[in-house]
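# What the coordinates show
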Amino acid sequence: QVQLVESGGGLVQAGGALRLSCAASGSICRINAMGWYRQAPGAQRALVAGITSGGITDYKYYAKGRFTISRDDAKNTVYLQMNSLKPEDTAVYYCSMGIISTGYSYSMDYWGKGTLVTVSS
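Below you will find a few notes about this structure. (Residues numbered from 1 in each chain as written. Predicted model: local features only at pLDDT ≥ 70, side-chain atom pairs only at ≥ 80, totals over all residues. Heavy atoms only, no water.)

### Observations concerning the pattern of salt bridges
Using the criterion set out here, one finds three salt bridges in the structure. With its nearest N and O atoms 2.7 Å apart, the salt bridge here joins R66 to D89. Here R66 is found in the loop between β6 (57–59) and β7 (67–72), whereas its partner D89 is found in the loop between β8 (77–82) and β9 (91–101), with 23 residues between them in sequence. On the basis of relative accessible area, R66 is assigned to the buried category, the value being 12%. Salt-bridge contacts for R71 lead to D73; the nearest nitrogen and oxygen are separated by 2.8 Å. The class for R71 is buried, based on a relative accessible area of 16%. Relative accessible area serves as the criterion here: at 43%, D73 is assigned to the partly exposed category. (Salt bridge = Lys/Arg side-chain N within 4 Å of Asp/Glu carboxyl O. Helix = DSSP H or I, 4+ residues; strand = E, 2+ residues; numbered from the N terminus. Buried < 20%, exposed > 50% of the residue type's maximum accessible area, 1.4 Å probe, protein only.)

### A look at the packing of aromatic side chains
Overall, the coordinates contain three aromatic pairs when judged by the stated rule. Centroid distance Y37 to W111: 4.7 Å. Interplanar angle 55°. Geometry classified as tilted. Of this pair, Y37 sits in strand β4 (residues 28–39) while W111 sits in strand β10 (residues 108–111), and the two are 74 residues apart along the sequence. When its relative accessible area of 22% is taken as the criterion, Y37 is described as partly exposed. (Phe/Tyr/Trp six-rings, centres within 6.5 Å; stacked < 30°, edge-to-face > 60°.)

### Details of the sheet that holds β7
Pairing is antiparallel across the open sheet formed by four strands, whose spatial order is β1-β3-β8-β7. At either end of the open sheet lies a strand with only one pairing partner, and these are β1 (3–7) and β7. Adjacent strand axes in the sheet meet at a mean angle of 15°, parallel and antiparallel pairs treated alike. (Pairing = 2+ DSSP bridges. Axes fitted to C-alpha atoms, helices over the stretch in contact; angles between N-to-C directions.)

See the structure below:
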């Protein structure tokens, strides 16, 4: 009953910027941590940035100083602002959230279907 939908991906030139969004909908009681992952061709999916329910953020080393993760709990949405993009940032970006659904007492991890980011040189 919970769905995550990403948006904001696309084609951008090196040095450009994109803002990804991920909105959760459905029977949501509470959202804990939120995160953005990416998977490049031939590589495993890996965490790019995360944000706790208290707003504490953490970034993979390559994202520090270029990417900013933020959340809007009123909209059940997480964002990833990506600046100074490089060709090596090309990947499918996925969002994930730890969500407690209405009527449940435990959190489950939900994933979006991904949005493609392509950075041309």
